[in-house]
Every structure is written in C-alpha cells, then in structure tokens.
Amino acid sequence: MTDSELTIALSRGSTLFVRQYGRGIPVLCVHGFPLDHSMWRQQWEGLGDQFLFLAPDLAGFGRSILADDTQATDASLESDADDLAELLDRMGHARVVFCGLSMGGYVGWQFWRRHPARVAGFVLCDTRAAADTPEVARGRRVMAERILKEGMEILVEPMLPRLFSNATLTAPDARIFGLIQRMRSCSPLAAARVLMAMANRPDMEALLPTIDLPTLLLCGEEDVITPPAEMQQMAARMPQAKLQRIPSAGHLAPAENAALVNRAIREFLDRLPQP
Ligand code: MLT
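A brief look at the structure comes next.

What counts, and where the lines are drawn
Residues numbered from 1 in each chain as written. Predicted model: local features only at pLDDT ≥ 70, side-chain atom pairs only at ≥ 80, totals over all residues. Heavy atoms only, no water. Helix = DSSP H or I, 4+ residues; strand = E, 2+ residues; numbered from the N terminus. Core = buried A, V, L, I, M, F, W, Y, C linked by side-chain atoms within 4.5 Å. Buried < 20%, exposed > 50% of the residue type's maximum accessible area, 1.4 Å probe, protein only. Contact = heavy atoms within 4.5 Å. Pairing = 2+ DSSP bridges. Right-handed = clockwise from strand over helix to strand, strands pointing away. Near = heavy atom within 4 Å. Polar contact = N/O pair within 3.5 Å; in protein donor to acceptor, adjacent residues only side chain to side chain. Areas by Shrake-Rupley, 256 points an atom, 1.4 Å probe, with all protein chains shown as cover. Nonpolar A, V, L, I, M, F, W, Y, C, P; charged D, E, K, R; others polar. Expected span 1.5 Å × (residues − 1). Arc of directions from axis to C-beta.

**Some thoughts on the environment of Val 136**
Here Val 136 lies in helix α4 (residues 134–150). Taking the C-alpha atoms as reference points, Val 136 and Ala 199, 63 residues apart in sequence, are found 7.6 Å from one another.

Pasting the structure below:
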C-alpha cells in the first residue's frame, strides 16, 4: 500500500507535486479549474484499497511550481499533458486510467492525442469535448488579464453558485469550504495561464468516435457548466463510453456525491482488463 507525496522537477522547468495513495491499477486523477489534487481526497480514501491513485497538481496549482519563464500568453493544455507523461515516466508508470474533472478532462483529451498508448481507459467527470465558442474564449482572455491585475476573487465569487448543486449550496460541509479556500488561494499566474490554454484548446468532438477505449462519463444531474445532456451526446459518439448521472451533485460531482461516484468508478475499474 502506497501512501506518499512526491515533488518531481521536470525537464521543461515546472516542478509537479503528486499525492500517491493505494494499490493496484494506477489511476491518474487530474483536477478541475481552479482546484488542486485535494479535490480527489474522497476517491483515494474510498477506493485506495483496490486502486493506486496518483493525484498531481498541474503546474502552478496547489504545491506544484510553474517554470520560471512561464508566460500566460502562449499557454497550451498540451504542455500540461506532456508534463504528466514525463511525471509518469519518472514514477515508472507506463499506462494509467486517466481520470479528469472538467479542465482535467480537457487535459485528458490532449494526453490521449499525444500519448495514446499510455491510456488504458478514461473516467471523465463533468467535462466536454467541444472547444470554446469565440465569445467564451474572448471572455477567458479578458478574465486572465483581470486576474493578473486584481487577483482570484473576481473569478471565484461569481463562479461559486454555478459550481454546486442546491443540496451542496444549502449545506456545504468542511470539505466543500476547503475546496473553495483552495480556489481562492490559487496562484493568479497559474489561473491566467490555464484560462488562456483553455481558450486555445482544440475541438475534440470530431475525434470522439476514434477514442475506442473503456470510458466512464460521470455528470452531476445539476451541472450547469457541462450539463448531462451534452455529456450524453459525448457518450453516444464514443464507441465504449457509458454515462452515469450523479444525483445531488453539480459540476463537482466527485466531491459532492462521493459515495455514488466511488461506486460507479469501482464497478467500472473492476471490469477493466488488467493492464
Ligand atoms: C473546470 O471546472 O475545470 C472549469 O469549469 C472548466 C472550464 O472553465 O471550462
């Protein structure tokens, strides 16, 4: 049973933190925006008896460090995907189940494009394949510039009511307050960089039929950012995908209804061929 934290300096200048917990098939869990590895705590605590969770912080988030020469302007999620591939090399994992939430899912698509042999399957939560519309991309670029000048609060405060289900908003527990605190303390440069990277990301919809991998899609029933209807369309276009809707959850289903998310992940991983 592994229970440790690593910090690994990568060749392109960033230093990634990764929490490792459990034993068995390695499951790489990539956080959403603007969160960090700790959003997966209930997954590694609930499922680590059977699966090895590797939960990194992307460059600049949580306890990871951006390369010194980082600019927000030429950012791409491809570089995050390559960072993850190098991290796995350094940890000795050739193949993983890629698990991502929202932005973590966007990184997952790029990881699969650039390192297809390394993906044994996908668990994708509250995410989408479509690129931003021009209007959304413009809004992200404006927000990135404002965050650099004014700090994270201008992003986090208006985002909160859209992130969670009614049940979570009515009775947030200490874990939810902890996640909100992580968002508030996110580095403005890291947030601005990935806002630019998300605005620049390629559209993946046309490639969905070619992603012939065991795939579990999970979506909070009350997710207004990446709604269940959109994820249902993704499931219909991916040869081996199945969507499970998670009640009493919004955009952060793994944190809002961990019991059901964990049950779905366990059943899915139990059926995966051993890598
Ligand atoms: C996330 O949760 O990672 C974000 O909502 C992704 C996005 O802004 O598209």
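**Things to note about the nonpolar core**
Across soluble globular proteins, nonpolar side chains show a tendency to be buried alongside one another. Phe 33 and Leu 84 are the most contacted members of the largest nonpolar core, which totals 100 residues. With 8 residues, helix α8 (residues 188–200) is the single largest residue contributor to this core. Those residues in contact with Leu 84 that lie beyond four places of it in its chain are Leu 16, Leu 28, Val 30, Pro 56, Leu 58, Phe 98, Val 107 and Phe 111.

**Some details on the pairing of strand β6 (residues 119–125)**
One face of the sheet, then the other: side chains in a regular strand alternate in exactly this way. Extensive coverage of β6 is indicated by the burial of 7 of its 7 residues. In this structure, strand β5 (residues 96–101) lies alongside β6, joined through 6 bridges in parallel fashion. Residue pairing in the sheet places Cys 99 in a bridge with Val 123 of β6. Traced from β5 through helix α3 (residues 103–114) to β6, the parallel crossover comes out right-handed. As paired strands, β6 and strand β7 (residues 215–220) are joined by 4 bridges and run parallel to one another. By the bridge assignment, Val 123 is partnered in β7 with Leu 216.

**Thoughts on the site of the ligand**
Neighbouring residues of the ligand: Gly 32, Phe 33, Ser 102, Met 103, Tyr 106, Arg 140, Met 198, Ile 225 and His 251. Within the backbone of Phe 33, one N or O atom sits 2.7 Å away from an oxygen atom of the ligand. A distance of 2.9 Å is found between an oxygen atom of the ligand and a backbone nitrogen or oxygen belonging to Met 103. Burial of the ligand by the protein chains amounts to 93% of its free accessible area of 270 Å². Its residues assigned to classes, the shell around the ligand comprises 5 nonpolar, 3 polar and 1 charged.

**Here we look at α4**
In a regular helix each residue adds 1.5 Å, so 17 residues correspond to 24 Å; α4 covers 24 Å between its end C-alpha atoms and thus fits that length. Buried within α4 are the following residues: Ala 137, Arg 140, Ala 144 and Ile 147. Looking down the long axis of α4, one finds its buried residues gathered within 80° of arc, a one-sided arrangement. Turned more than 90 degrees off the buried face of α4, the exposed positions are Pro 134, Glu 135, Arg 138 and Lys 149.

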